[in-house]
Amino acid sequence: MKKYCTRCGKPMDIDATFCVECGTANKGEYKHSFFSDDEEVTYNKFATLGIVFGIMIPNVGLALSIIGYCYAKRHNDIGKKPAMVGIIISAVGMTLWFLSYIISAILQK
Ligand SMILES: [Zn+2]
């Protein structure tokens, strides 16, 4: 279990009275987050899923990639690059989907 700065959200020592990251005096707060902070993080499953879904279902892939990016920021940038790749793939996928929708709409007139 870790506690986090109430201002910047960075992890703090259990007995810290101010944040070493932003200098704010606060005792921090314990968080039960969506991500398990106790387990040793070695890879970013959200980023991996973000790329896979980014190819198949871009909007789902984009959501997963953004979650993956937030996850990476909390865990020493693990999977940050694949998360960014997932965001790009998803964005391109959504753009292509949107363009094909418009083109088909024009062609049917
Ligand atoms: Zn802070």
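Q: Sorry if this is basic, but what is going on with the sheet that holds strand E2 (residues 11-12) here?
A: Remark on secondary structure: sheet strands pair via backbone hydrogen bonds, oriented parallel or antiparallel. Strand order in this open sheet of 3 strands is E2-E1-E3, and the pairing throughout is antiparallel. Edge positions in the sheet fall to E2 and strand E3 (29-30), since each has one partner strand and no second.

Q: Would you mind showing me how to read the packing of helix H1 (residues 45-56) against helix H3 (residues 80-107) here?
A: Helix-helix packing: each pair is described by the crossing angle between the helix axes and the interaxial distance. Running from amino to carboxyl end, H1 crosses H3 at an angle of 15°, the nearest separation of the two axes being 8 Å. Judged by the inter-axis angle, H1 sits roughly parallel to H3. Here H1 and H3 pass one another in a crossing that is left-handed. In this structure, H1 uses Ala47, Gly50, Ile51, Gly54 and Ile55 to contact H3, whose residues at the interface are Pro82, Ala83, Val85, Gly86, Ile89 and Ser90. For the contact of H1 with H3, a count of residues per class yields 7 nonpolar, 4 polar and no charged.

Q: I keep staring at a nonpolar patch on the surface and nothing clicks. Help me out?
A: Together, Ile88, Val92, Leu96, Leu99, Ile103 and Leu107 make up an exposed nonpolar region whose accessible area comes to about 600 Å². By the element assignment, Leu96 lies in helix H3.

Q: What exactly am I supposed to notice about H3 here?
A: Every α-helix carries 3.6 residues per turn, so stepping three or four residues along brings you back to the same face. With 28 residues, H3 ought to run about 40 Å at 1.5 Å a step, and its terminal C-alpha atoms sit 40 Å apart, in line with that. Those residues of H3 not exposed but buried are Ala83, Gly86, Ser90 and Gly93. Summarising the contacts, the buried residues of H3 are in contact with H1 and helix H2 (58-74).

Q: I would appreciate a short explanation of the confidence of the model for the protein chain in the present structure.
A: Per-residue confidence for the protein chain gives a mean pLDDT of 87, with 89% of residues at or over 70. Taking the mean pLDDT of every element in the protein chain, the minimum, 79, falls on E3 and the maximum, 95, on H3.

Q: I tried to follow the coordination of the zinc ion on my own but got confused; where do I start?
A: Around a metal, the idealised angle for a tetrahedral arrangement of four donor atoms is 109.5 degrees; for an octahedral arrangement of six donor atoms it is 90 or 180 degrees. Around the zinc ion, the protein supplies Cys5 (SG), Cys8 (SG), Cys19 (SG) and Cys22 (SG) as donor atoms, at distances of 2.2 to 2.3 Å. Every donor counted, the 4 donor atoms about the zinc ion form angles of 106 to 113° at the centre, which fits tetrahedral coordination. Written as a sequence motif, the donor arrangement for the zinc ion is C-x2-C-x10-C-x2-C. Since its relative accessible area comes to 1%, Cys19 is described here as buried.

Rules used throughout
Residues numbered from 1 in each chain as written. Predicted model: local features only at pLDDT ≥ 70, side-chain atom pairs only at ≥ 80, totals over all residues. Heavy atoms only, no water. Pairing = 2+ DSSP bridges. Helix = DSSP H or I, 4+ residues; strand = E, 2+ residues; numbered from the N terminus. Axes fitted to C-alpha atoms, helices over the stretch in contact; angles between N-to-C directions. Parallel < 35°, antiparallel > 145°, perpendicular 65-115°, else oblique. Left-handed = near helix turned anticlockwise from the far one by under 90°. Contact = heavy atoms within 4.5 Å. Nonpolar A, V, L, I, M, F, W, Y, C, P; charged D, E, K, R; others polar. Patch = residues over 30% accessible without salt bridge, like charges linked within 9 Å, V, L, I, M, F, W, Y side chains within 5 Å. Areas by Shrake-Rupley, 256 points an atom, 1.4 Å probe, with all protein chains shown as cover. Salt bridge = Lys/Arg side-chain N within 4 Å of Asp/Glu carboxyl O. Expected span 1.5 Å × (residues − 1). Buried < 20%, exposed > 50% of the residue type's maximum accessible area, 1.4 Å probe, protein only. pLDDT = per-residue confidence, 0-100. Donors = N, O, S within 2.8 Å, 3.2 Å for Na, K, Ca; no water. Tetrahedral: all angles 85-135°; square planar, octahedral: opposite > 155°, others 65-115°.

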